[in-house]
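Each chain, letter by letter, is given below.
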Amino acid sequence: MSWQRFAALLHARNLEFIRDRSALSWSILLPVLLVLGFAFLFSNPDKDIYKVGVYGGDGTETDFFATEYIQFIPVTDLEPAIGKVKHHQLDMLIDMSSKPRYWLNSTSANGYVLERVLWGTTTTNAASGFIKQTVSGREIRYVDWAMPGILAMNMMFGCLFGVGYVIVRYRKNGVLKRLKATPLTAFEFLSAQVVSRIILLITVTTFVFVGTDFLINFVMLGSYATLLLVFSLGALCLVCLGLIMAARTASEELAGGILNLVAWPMMIFSGVWFSLEGVHPAAQYFAQVLPLTHIIDAARAVMNDGASLIDILPQLGILTVMTVVFLAIGASLFRWE
Amino acid sequence: MLTPTIQVNNLKKQFPGVDAVNDVSFAIHEGSCFGLLGPNGAGKTTTIEIMEGILPTTAGQVLYKGQPIGSRFQQEAGIQFQNTALQEFLTVKETLQLFQKLYARSVDLEELIETCALGEFLERDNRKLSGGQRQRLLLAIALVNDPQMVFLDEPTTGLDPQSRRNFWRLIENIKARGKTILLTTHYMEEAAVLCDEIAIMDHGRIIAMGSPKDLLEAHFNDILLQLPEEDFVLPQTPPNWDVRRHNSHIIIHTDAVHDTIRYLQEHNVSLARMEIRTRTLEDLFLELTGKELRG
């Protein structure tokens, strides 16, 4: 490994990216526009459906469960559901498993209304049997929930197309052939591409993060260092996936098709736009093989729930394994021509 | 005898359904310019790319200074490909600096810039170079590591005549510095001006090899007299004359120029538009293969 050759290529690639104004602007503008769009779309306070989590019971204990315009969502684990009440993702949580209890967020207007409805639809004796518990926490708006996914998705496109597509273009127009005729090794070339892309993506993501936070002040409960680690490892994993896609082909059209084939399932099944809770189990299993799922899960846990490094170790472990596997496959398949 | 700078022995390259290179052998000695000539599809580029280590060979071997090509060759070879793109959004100077850092040894950039006449467009984006400027940059990249062996694959294809002649001067400069050069071209004039030795390829084989002078002497001993067809009015052409028609012209092949001209004058043939020329490599190729070089 020659650090001089690595550094020369890294510098050249960085210049290429920074000077490609249209691509650079787009990689910053797209996520900002998406976030602003969602912030606007979901800013309407006139929601006609209240969300109530229900733990245990059979739904017949009280007429409250027959109230229209309330969505009753079965929950299987109390702790995360209480967290959702804290962040206004559930307006109320009812535990019917033993002695009836319910949780409200003390700052939630919806929770106050639902409590009045619960009392109004339940017999006095029964209602008096409910134990009220209150929690407090800042509301997690949809845009707060979606923010980690949008950042990760933008990074995914940057990694897959920024490395995969560029290498294919280099191969097609002869840049790779020219480099092959120098003492540069494939490892030095690929390392420079990977490191350059990660540095630039983290820089761009930081700009997007700070810019959108300034505009919409989204929730960030965890450590910035932990989030940086998640996105850095995630970017490395996705870049290595891009290397596999670009290992052999010299056709930009084919590469574009393959990259879209990989990117779109992640867009849909990795939880960028909607929670995977409640979707078909097959889709949930499928989501687990997609690196973006684990990046988003970890980033969302850090940003929305304040998760620590220990809390997200499983996701980091999976991403590390995926990175090693993708890198090994990509490096073994790589051809200059 | 000195070990050649580079030598190919019984080189073969097969692609599905075609023998692109078939049992090709030659050697290039230090400080000489060797021309590999032939029409498109003759196997020149395949041969040169095998020698450069870009393509694997089907059979045969390439030796650089007596050893199979390896890391030493990569450090000491300078290569200008026929078709290549450069990194986008980089200036000429940045491109040179990039390639300079890929080698352990390099020339002084200021000197290289002057040699290849890059000064006027040094800060220009690679994408905005003209054909001639681009070829000069590619040549500079090939020379950036102060190579001992320089490969130039059709370096003047697509250039206008003036740019081509300017490029020839650059190559003569490189020759004067004692570099060993392998040049492929389908311009016979270029080979005649620049090459000490040539090999003519057709259908993947070498069909003639030697210095241009030796090859011409070995194959031809005649001079060509060319007249417009309408001027060539003779009651009877002497039976021992070799007369051919080509593009509305009569071409007389003769080894007795004075006698032939005298005969034409005696029979009142107008010589006002007559051209006399010696044989060229173009003729040699036509003679050997029966087809035009750039056909």
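Rules of the game
- Residues numbered from 1 in each chain as written.
- Chains lettered and ligands numbered in written order.
- Predicted model: local features only at pLDDT ≥ 70, side-chain atom pairs only at ≥ 80, totals over all residues.
- Helix = DSSP H or I, 4+ residues; strand = E, 2+ residues; numbered from the N terminus.
- Buried ≥ 20, exposed ≤ 12 C-beta atoms within 10 Å, placed from the backbone.
- Contact = placed C-beta atoms within 7 Å.
- Pairing = 2+ DSSP bridges.
- Axes fitted to C-alpha atoms, helices over the stretch in contact; angles between N-to-C directions.
- Core = buried A, V, L, I, M, F, W, Y, C linked by C-beta atoms within 7 Å.
- Domains from an automatic or database assignment.
- Nonpolar A, V, L, I, M, F, W, Y, C, P; charged D, E, K, R; others polar.

Now for the overall build of chain A. Helix and strand counts for chain A stand at 13 helices and five strands. For the C-alpha atoms alone, the extent of chain A along its principal axes is close to 85 × 35 × 35 Å. For chain A, the proportion of its 337 residues judged to be buried stands at 43%. Relative to all contacts within chain A whose residues are 6 or more apart in sequence, the contacts with residues 24 or more apart total 76%.

Here we come to the overall build of chain B. The number of helices and strands found in chain B is 10 helices and 14 strands. Taken over the C-alpha atoms alone, chain B extends approximately 75 × 45 × 40 Å along its principal axes. Looking at the 295 residues of chain B, the share that counts as buried comes to 35%.

This paragraph deals with unusual backbone geometry. Backbone geometry at N217(A) places phi at a positive 50°, although glycine is not the residue there. If you trace the backbone, N217(A) turns up in the loop between helix 8 (186-216) and helix 9 (224-245). Owing to 10 C-beta atoms within 10 Å, N217(A) belongs among the exposed residues under this scheme. Unlike most non-glycine residues, N247(B) shows phi in positive territory, near 50°. With respect to the helices and strands, N247(B) occurs in the loop between strand 12 (242-246) and strand 13 (249-254).

What follows covers the sheet that holds strand 13 of chain B. Residues and elements named next belong to chain B. Sheet architecture is open: four strands sit in the order 12-13-11-14, paired in antiparallel fashion. Across the chains shown, the open sheet's two edge strands, defined by having one partner strand only, are strand 12 and strand 14 (275-277). Strand-to-strand twist in this sheet, taken as the mean axis angle between neighbours without regard to direction, amounts to 25°. Bridge analysis of strand 11 (residues 223-228) against strand 14 gives three bridges, and the strand direction is antiparallel.

A few words now on the nonpolar core. Residue and element names in this part refer to chain A. Membership of the largest hydrophobic core comes to 136 residues, with the highest contact counts inside it found for M156, L160, V239 and A299. It is helix 6 (residues 142-173) that provides the largest number of residues to this core, a total of 18 residues. Leaving out residues up to four positions away in the same chain, M156 has contacts with L238, A263, M266 and L292. Of all hydrophobic cores here, the second largest spans 17 residues; its members include V52, V75, A81 and L118.

This part takes up the domain arrangement of chain B. Domain boundaries in chain B define domain 1 (6-217) and domain 2 (221-278). Computed over C-alpha atoms, the centres of domain 1 of chain B and domain 2 of chain B are 41 Å apart.

Okay, the interface of chain B and chain A next. Contact residues are listed per partner, giving 21 residues for chain B and 18 residues for chain A. Counting only elements with at least two residues in the side of chain B that touches chain A, the list comes to helix 2 (71-76) and helix 3 (92-101) of chain B. It is helix 3 of chain B that provides the largest number of residues to the side of chain B that touches chain A, a total of four residues. Grouping the constituent residues of the side of chain B that touches chain A by class yields 11 nonpolar, six polar and four charged.

Glancing now at the sheet that holds strand 1 (residues 6-15) of chain B. Residues and elements named next belong to chain B. The strand order across the open sheet formed by four strands is 2-1-4-5, and the pairing between neighbours is antiparallel. Edge positions in the sheet fall to strand 2 (18-28) and strand 5 (67-68), since each of these pairs with one other strand and no more. For strand 4 (residues 59-64) and strand 5, the ladder comprises two bridges, and the chain directions are antiparallel. Within strand 5, the residue paired with Y64 across the bridge is Q67. Relative to the sheet, helix 1 (residues 44-51) contacts strand 1, strand 2 and strand 4, its axis offset from that of strand 1 by approximately 120°.

With that out of the way, let us pick up the domain arrangement of chain A. By domain assignment, chain A separates into domain 1 (3-40 + 141-333) and domain 2 (50-135). The distance between the C-alpha centroids of domain 1 of chain A and domain 2 of chain A comes to 40 Å.

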